[in-house]
Amino acid sequence: MQRWIKCVSSHLSHPLPRFFSNQQNPPSSQELNFSPLFQKFHQSMKDCASVSIARKLHAQLISKGLNSSIFLQNNLLGKIGDAKKVFDEMPERDSVSWNSMMSAYFRNGDPEETVVNFVYLIRYSAFLANMLSFSCAMKACGALGYSNLAFQLHGLAEKFGFSSDLTIGDSVIDMYIKCGAVNYAEKVFLRIPNPSLFCINSMVYGYSRAYGVGKALDLFNRMPERDCVSWNMMVSILSQRGIGVPTLCIFVEMWTQGFRPNSMTYASVLSICTSFGYLEWGTHLHARVVRMEPVLDVYLGNGLINMYAKSGCLELAKRVFDSLTNRNAVSLTCLIDGIANCGFDEEALLLFNQMREVPVVFDEFTLVVILKICSHSNYISIGRQLQAFTIKTATDSFVPVGNALVTMYSKCGDIQSASLAFHFMPVRNIISWTSIITAFSQVGDVEKAEAFFEKMPERNVITWNSMIGMYTQHGLWEYGFKLYVQMQRECVMPDEITFATSISGCADLAMLKLGIQIVAQAEKLGCGSDVSVANSVVTMYSRCGQIEEAAKVFDTISVKDLVSWNSMMAGYAQNGQGRKVLEIFGNMLRLKCIPDHISYVSLLSGCSYSGLVTEGKHYFKSMSEDYSISPTDEHYSCMVDLLGRAGLLDEAKNLIDEMPFKPNADVWRAFLGSCKTHGNAELAEFALRNLLELDVHDNRSLILLAHIYSESGKAEGVADVRKLMKKRGIHKNPGCSWIEVDNRVHVFTVDETSHPQIKDIYSMLDAILYTLASECSDSKLLRVVAEYNS
């Protein structure tokens, strides 16, 4: 590519004529002397339908002495197979000769040779270059995506005096957009007084790539006229960015304006219907397609199969599949994926096996779907067989297949096989590296994950997010925050997941000051309104005791999802505001948001903290009756805690006895805690025996029982518990507290000695206590000082 750029650069100052003809050179006077024969050859070349006939005509042209006719030889250049040979043997060439050769290369998918021929044209016959020559070269440059060459072609067109031509302006804008230089395309566009429809369509697409949907939609709305390309492109742009309702609105307006969509447009709308669960919309569109289109092509059929399958309408998906006269691998893959997504893994595997027996041609994406199904320990043996099949058919060399194998083994907990699958991949992409990092993260091997991260040839924001998420998941928050800072130093733009993960880390550590700074940065980059980021902010404020701030953020979320409601309910529950929890839950139901088991955990916890026994009983019953949610250990633990706090210990014990499955340790701890609150040593012993049967070596339970015995005056019971604790090697963990200073959390325990500044801390504490002892007259405080000094 560099040699072409140099060739163009070397001729930027070449003395060129001021005028270049854009018309095909007419036959010369010598050629007109052969008028009847000339006309016959010309007509035969126009009607020529094969290369062999073209070769015969070429031979006759030579035998009749007409091989010097530029006009007739130009007509032979349409067949790329022999065009180069004819072109090289031409004694003379005109602009049509060069343009025909460049166009032939471009039409046959060789933009590089198109540019090479343009460079030779400028070097040896610059006076023959015309607007068509530049237009063809610019199309080739756009196809190659070489921005440096685009700048030079534009400069050369300016020097030739073609910049004022609308056709060249269109070509320049199209070239810049395809090369990713949208800002330069915009400068050219704004200088054109009356841009063509093609030009405006190009800028709409360019704006969508560079600046997002907003600017593209604004230009689209200001278009003086639109064609099918305008409408289809706008629908596609909105659909690709997952913008649901506006996509459907543009599509409806397109119909009302009298424009017919193509199969790509239908597929874009079906994609939105699939993503947002607009099944009714999708079925309406299907009916319209059947009524308006003569045949259901495979591309549109695949979109319908995908929509019905992912919506759980498998019968309809199969009916569309059976109606397709031309099926491809995508058709089968969509059907199999839909069946698997509905939970029918065995049926999906059976259909894949039937595909192999027919046989039906399938591609690597079909294998990826099947490997995804095998990402469960129940089907790992099938996954291993499938890996052998990919090796046999050489499809293991496809990057998506290799990535799917790594993911499959890692989800099944076979980290060694995942590592081997990664090792044998001939080509890897960012997804490959991210998958292996995630694999080691899942098994807690942080060092291996870090090693792979350091080896990565390139990284994207998803990879950085994976590492930050790994550190947060394993409690290494400080490393996560350092990586967050490093990520920005390397000019990697954080996204919504980055902010949501980092803010969640601040919530876990109660680092409110740092969390507020990250929230401010998210707002600055336009990510603050993202629902996942807002949800994490609600959680952070709630856990830091700023429940009013959490409520303000919650109220700003325009489209709340289930996590939003659950986060706010959990916040109110943690802050002991049960009535607020009930209020939020009621609002959620009124807005038709279906609760899940987490919703009921927060709801029952709120009732428990606030002593709302009647309400708690009602909702515990309704979760199974109204929403078919079977209570889990968490729900029973909340109910036992609710009844126990209210002093209804016998009722709590009966609830435990009636559980459809064996209670876990949390249930018994909740019951044990209630026994301590109400001083019931007998039931406390019963709870502890059940805890010991579960072989739970948790010092909290034994310490709690010791307190109950102590408060009940049962010294013998206290002694027995302490003996058991000593036998098991259980020691009471000292209490701890923490403070946040300069974005770092400092944890302190009783008799702290490990803090790096512990000497300075004790020195300051001595000074404070000395001052208190010398100036304070409070007898109680003086006793505390005396005890410390002793």
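Basis of the calculations
Residues numbered from 1 in each chain as written. Predicted model: local features only at pLDDT ≥ 70, side-chain atom pairs only at ≥ 80, totals over all residues. Heavy atoms only, no water. Helix = DSSP H or I, 4+ residues; strand = E, 2+ residues; numbered from the N terminus. Buried < 20%, exposed > 50% of the residue type's maximum accessible area, 1.4 Å probe, protein only. Contact = heavy atoms within 4.5 Å. Areas by Shrake-Rupley, 256 points an atom, 1.4 Å probe, with all protein chains shown as cover. Axes fitted to C-alpha atoms, helices over the stretch in contact; angles between N-to-C directions. Parallel < 35°, antiparallel > 145°, perpendicular 65-115°, else oblique. Nonpolar A, V, L, I, M, F, W, Y, C, P; charged D, E, K, R; others polar. Core = buried A, V, L, I, M, F, W, Y, C linked by side-chain atoms within 4.5 Å. Phe/Tyr/Trp six-rings, centres within 6.5 Å; stacked < 30°, edge-to-face > 60°. Lys NZ or Arg CZ within 6 Å of the ring centre and 35° of its normal. Expected span 1.5 Å × (residues − 1). pLDDT = per-residue confidence, 0-100. Salt bridge = Lys/Arg side-chain N within 4 Å of Asp/Glu carboxyl O. Arc of directions from axis to C-beta. Polar contact = N/O pair within 3.5 Å; in protein donor to acceptor, adjacent residues only side chain to side chain. Left-handed = near helix turned anticlockwise from the far one by under 90°.

1. A look at the overall build of the protein chain
Then, in step 1: Secondary structure summary: the protein chain contains 46 helices and two strands in total.
Then, in step 2: The buried share of the protein chain, taken over its 790 residues, is 45%.
Then, in step 3: In the protein chain, once contacts between residues fewer than 6 apart in sequence are set aside, the share between residues at least 24 apart is 59%.
Then, in step 4: With the model as given, the accessible surface of the protein chain reaches about 41200 Å², and the carbon-plus-sulfur share is 53%.

2. A closer look at the packing of helix α20 (residues 314-323) against helix α21 (residues 329-341)
Then, in step 1: The N-to-C vectors of α20 and α21 enclose an angle of 170 degrees; their axes lie 11 Å apart at closest approach. One finds that α20 runs roughly antiparallel with respect to α21. Residues L314, A317, K318 and F321 of α20 pack against S331, L332, L335, G338 and I339 of α21.
Then, in step 2: Broken down by class, the residue content of the contact of α20 with α21 amounts to six nonpolar, two polar and one charged.

3. Notes on the nonpolar core
Then, in step 1: Counting 207 residues, the largest nonpolar core has F134, I173, V204, I336, M540, M568 and F671 as its most contacted members.
Then, in step 2: Ranked by residue count, the leading element in this core is helix α9 (residues 131-144), at eight residues.

4. A look at the side chain of T501
Then, in step 1: Inspection of the secondary structure assignment puts T501 in helix α31 (residues 496-509).
Then, in step 2: Exposure remark for T501: the relative accessible area of 18% places this residue in the buried category.

5. Section: the packing of aromatic side chains
Then, in step 1: Summed over all chains, the structure comprises 28 aromatic pairs.
Then, in step 2: Note on F151 and Y184: the rings are 4.7 Å apart at their centroids and 50 degrees apart in plane angle, and the pair reads as tilted. Of this pair, F151 sits in helix α10 (residues 147-159) while Y184 is found in helix α12 (residues 182-191), placing the two residues 33 residues apart along the sequence.
Then, in step 3: Where F220 meets W231, the ring centres are 5.2 Å apart and the plane angle is 85 degrees; that geometry is what we call edge-to-face. Taken as a pair, F220 in helix α14 (residues 213-221) and W231 in helix α15 (residues 228-240) lie far apart in primary sequence, 11 residues in all.
Then, in step 4: Residue classification places F220 among the buried positions, given a relative accessible area of 1%.
Then, in step 5: Every member of this aromatic cluster is reached through a ring pair, and the members are F118, F134, F160 and F162.
Then, in step 6: Note that R459 overlies the ring of F453, its terminal NZ or CZ placed 4.0 Å from the centroid.
Then, in step 7: One Lys or Arg, K482, reaches over the ring of Y479 and ends 5.9 Å from the middle of that ring.

6. Re helix α8 (residues 111-125)
Because the α-helix completes a turn every 3.6 residues, residues three or four places apart line up on one side.
Then, in step 1: Between its terminal C-alpha atoms α8 stretches 20 Å, which fits the 21 Å expected from 15 residues at 1.5 Å a residue.
Then, in step 2: By the burial criterion, the buried members of α8 are P111, T114, V115, V116, N117, F118, V119, L121, I122 and S125.

7. Here's the deal with the confidence of the model for the protein chain
Then, in step 1: Per-residue confidence for the protein chain gives a mean pLDDT of 80; residues scoring 70 or more make up 78%.
Then, in step 2: The least confident element of the protein chain, judged by mean pLDDT, is helix α1 (residues 2-10) at 37; the most confident is helix α34 (residues 547-556) at 93.
Then, in step 3: Low confidence marks residues 1-35, where pLDDT is under 50. Its contacts with residues over four positions away, or in another chain, come to 59 contacts.
Then, in step 4: In this model residues 71-77 is a low-confidence stretch, pLDDT under 50, and it forms 39 contacts with partners more than four residues away in sequence or in other chains.

8. Remarks on the pattern of salt bridges
Then, in step 1: Summed over the entire model, instances satisfying the criterion amount to 18 salt bridges.
Then, in step 2: Measuring nitrogen to oxygen at the nearest pair gives 3.0 Å for the salt bridge that ties K215 to E186. In this pair, K215 is assigned in helix α14 and E186 in helix α12, connecting sequence segments 29 residues apart.
Then, in step 3: Of the charged contacts, one joins E651 and K617 as a salt bridge, the two residues approaching to 2.8 Å between their closest N and O atoms. Here K617 lies in helix α38 (residues 613-627) and E651 lies in helix α40 (residues 649-657), a separation of 34 residues in the sequence.
Then, in step 4: Overall, the relative accessible area of 35% leaves K617 in the partly exposed class.

9. Quick look at the environment of V368
Then, in step 1: By the secondary structure assignment, V368 is in helix α23 (residues 364-373).
Then, in step 2: When the C-alpha atoms of V368 and L405 are compared, they prove to be 8.2 Å apart, with 37 residues separating the residues in sequence.
Then, in step 3: Those residues in contact with V368, other than ones at most four positions away along the chain, are P400, V401 and A404.

10. Focus on the side chain of N403
Then, in step 1: Structurally, N403 can be placed in helix α25 (residues 399-411).
Then, in step 2: Every residue in contact with N403, bar those within four places of it in the chain, is listed here: M425, N429, I431, S432 and S435.

11. A look at α14
Then, in step 1: Those residues of α14 that sit buried are V213, A216, L219 and F220. Seen end-on, α14 carries its buried residues on one side only, within an arc spanning 135 degrees.
Then, in step 2: Structurally, α14 contributes buried residues whose contacts are with α12, α13 (197-210), α15 and α16 (244-256).

12. Quick look at the environment of S323
Then, in step 1: Here S323 shows up in helix α20.
Then, in step 2: Since its relative accessible area comes to 46%, S323 is described here as partly exposed.
Then, in step 3: Taking the C-alpha atoms as reference points, S323 and G301, 22 residues apart in sequence, are found 8.8 Å from one another.
Then, in step 4: A polar side-chain atom of S323 sits 2.7 Å from the main-chain carbonyl oxygen of V320.

13. Here we look at the packing of helix α33 (residues 531-543) against α34
Then, in step 1: Packing of α33 against α34 leaves a shortest axis separation of 7 Å and a crossing angle of 165 degrees. Here α33 lies roughly antiparallel to α34, going by the angle between them. As α33 runs across α34, the sense of the crossing is left-handed. Listed contacts from α34 to A534, V537, V538, Y541 and S542 of α33 are I547, E549, A550, V553 and F554.
Then, in step 2: Across the contact of α33 with α34, the residue classes tally to eight nonpolar, one polar and one charged.

14. So, the environment of D414
Then, in step 1: With respect to the element layout, D414 can be found in the loop between α25 and α26 (415-423).
Then, in step 2: Remark: the alpha-carbon pair of D414 and V443, spanning 29 residues in sequence, is separated by 9.6 Å.
Then, in step 3: The residues contacting D414, other than those within four sequence positions of it, are R384 and Y409.
Then, in step 4: Within the structure, the side chain of D414 is placed 2.8 Å from the side chain of R384, a separation counted as a polar contact.

15. Comments concerning unusual backbone geometry
Working note: non-glycine residues mostly have negative phi, and peptide bonds are mostly trans.
Then, in step 1: Within the chain, K592 stands out as a residue other than glycine whose phi angle is a positive 65 degrees.
Then, in step 2: Here K592 lies in the loop between α36 (578-590) and α37 (597-610).
Then, in step 3: Although it is not a glycine, S628 adopts a positive phi angle of roughly 55 degrees.
Then, in step 4: Examined against the element boundaries, S628 turns out to sit in the loop between α38 and α39 (633-645).

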